[in-house]
Amino acid sequence: MMTRRQAITTAALALAAGASGQAAEITTVKTKESATRPAPVAAGPFTLPELPYAVDALEPHFDAKTMEIHHGKHHAAYVANLNKAVASQPELGRKDIVDLIKGLDKVPETSRLAIRNHGGGHLNHSLFWTQFAKEPQVHARGELNIAIEQRYNTFDGFKKAFVEVATLWFGSGWVWMVVDKSKRLRIEGLPNQDSPYSKGFVPIMAIDLWEHAYYLKYQNRRVEYIDAFFKVLDWGVVRERYDAALKSL
Ligand code: MN3
């Protein structure tokens, strides 16, 4: 299924390629295929991003079944409900998800809570999947490591502080590593699907502490889940996000 934006891009590519070009042929086939498929539930401008690895890539730390349900059901539901929330407001659907969540206070009050919850859920999970790797970089490097050592003395000092907040976090929510407006690193716990972007922070790493993220494998053993999280967290990605955050602030 193509989103409206993809459809526009595809149409533009077809025009650019011309009627005899190879790209135009491929486009024709794709259009025919998608025309025969049933319309998905709550289709709209926002789409579920694919996982950047196989569902079992993070085994044994994150099991395939949890990944499948977490991504394919939970994240998909946030996307579907976000599409419902913007269905009557096409101008909101045209926004980038980060801009939409950054400007939550400008969203009409009637749909603000739905967008905060489901838009936040979509954005948070999109940031979550992309920070892991099968063979991750297990230690921060570069400017990020310097900043961590300045703020938390050592890399392990940071981890200890983060684990403590994540372990003690009460109820559904996320614990984030963010960069604040003064370009300082902070650890922030936020409830539900609230996003650091709505509070003026730039998130660079996060742990999902909703039970759906770990209960199937770890049940009430949250500490083991947090430990597993750090086994697959790719500090190379976190460093890239940190460098980008410094430029954007
Ligand atoms: Mn989740």
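Our structure is the block above this text.
Now for a look at the structure at hand. (Residues numbered from 1 in each chain as written. Predicted model: local features only at pLDDT ≥ 70, side-chain atom pairs only at ≥ 80, totals over all residues. Heavy atoms only, no water.)

1. What to know about the overall build of the protein chain
In step 1: For the protein chain, the count of helices and strands is eleven helices and three strands.
In step 2: Written out in order from the N terminus, the α and β elements of the protein chain read α-α-α-α-α-α-α-α-β-β-β-α-α-α.
In step 3: Pairs at least 24 apart in sequence give 68% of the contacts found in the protein chain among residues at least 6 apart.
In step 4: Accessible area of the protein chain: about 13300 Å², with a carbon and sulfur share of 55%. (Helix = DSSP H or I, 4+ residues; strand = E, 2+ residues; numbered from the N terminus. Contact = heavy atoms within 4.5 Å. Areas by Shrake-Rupley, 256 points an atom, 1.4 Å probe, with all protein chains shown as cover.)

2. Concerning the pattern of salt bridges
In step 1: Summed over all chains, the structure comprises five salt bridges.
In step 2: With a shortest N-O distance of 3.7 Å, R186 and D180 are connected by a salt bridge.
In step 3: D180 sits in the buried class, given a relative accessible area of 8%.
In step 4: Its salt-bridge partner being E188, residue R186 comes within 2.8 Å of it at the nearest N-O pair.
In step 5: On the basis of relative accessibility, which here comes to 15%, the residue E188 falls in the buried class.
In step 6: Put simply, D180, R186 and E188 are held in one network by salt bridges that share partners. (Salt bridge = Lys/Arg side-chain N within 4 Å of Asp/Glu carboxyl O. Buried < 20%, exposed > 50% of the residue type's maximum accessible area, 1.4 Å probe, protein only.)

3. Details of the coordination of the manganese ion
In step 1: Those protein atoms acting as donors to the manganese ion are H70 (NE2), H125 (NE2), D208 (OD) and H212 (NE2), and they sit at 1.9 to 2.2 Å.
In step 2: Sequence positions of the donors to the manganese ion reduce to the motif H-x54-H-x82-D-x3-H.
In step 3: Judged by its relative accessible area of 0%, D208 falls in the buried class.
In step 4: Residue H212 is classed as buried on the basis of its relative accessible area of 17%. (Donors = N, O, S within 2.8 Å, 3.2 Å for Na, K, Ca; no water.)

4. Topic: the pairing of strand β3 (residues 202–208)
In step 1: The element β3 is extensively covered by neighbouring structure, given that seven of its seven residues are classed as buried.
In step 2: The pairing of strand β1 (residues 173–179) with β3 spans six bridges and is antiparallel. Bridge assignment links W176 to a residue of β3, and that residue is A206. (Pairing = 2+ DSSP bridges.)

5. Thoughts on the sheet that holds β1
In step 1: Taken in spatial order, the three strands make up an open sheet running β2-β1-β3, and their pairing is antiparallel. Two strands in the sheet have a free side with no partner beyond their single neighbour: β2 (185–191) and β3. Across this sheet, the average inter-strand angle for adjacent strands is 25°, counted without regard to direction.
In step 2: Pairing analysis gives seven bridges linking β1 to β2, with the strands arranged antiparallel. Residue pairing for β2: V179 is matched across the bridge by L185.
In step 3: Running at roughly 150° to β1, helix α8 (residues 155–168) makes contact with β1, β2 and β3 of the sheet. (Axes fitted to C-alpha atoms, helices over the stretch in contact; angles between N-to-C directions.)

6. A few points about helix α10 (residues 222–232)
In step 1: Turning to α10, its buried residues are R222, Y225, I226, A228, F229, F230 and V232.
In step 2: If you follow the buried residues of α10, they end up packed against α6 (109–129), α8, β3, α9 (215–218) and α11 (235–248).

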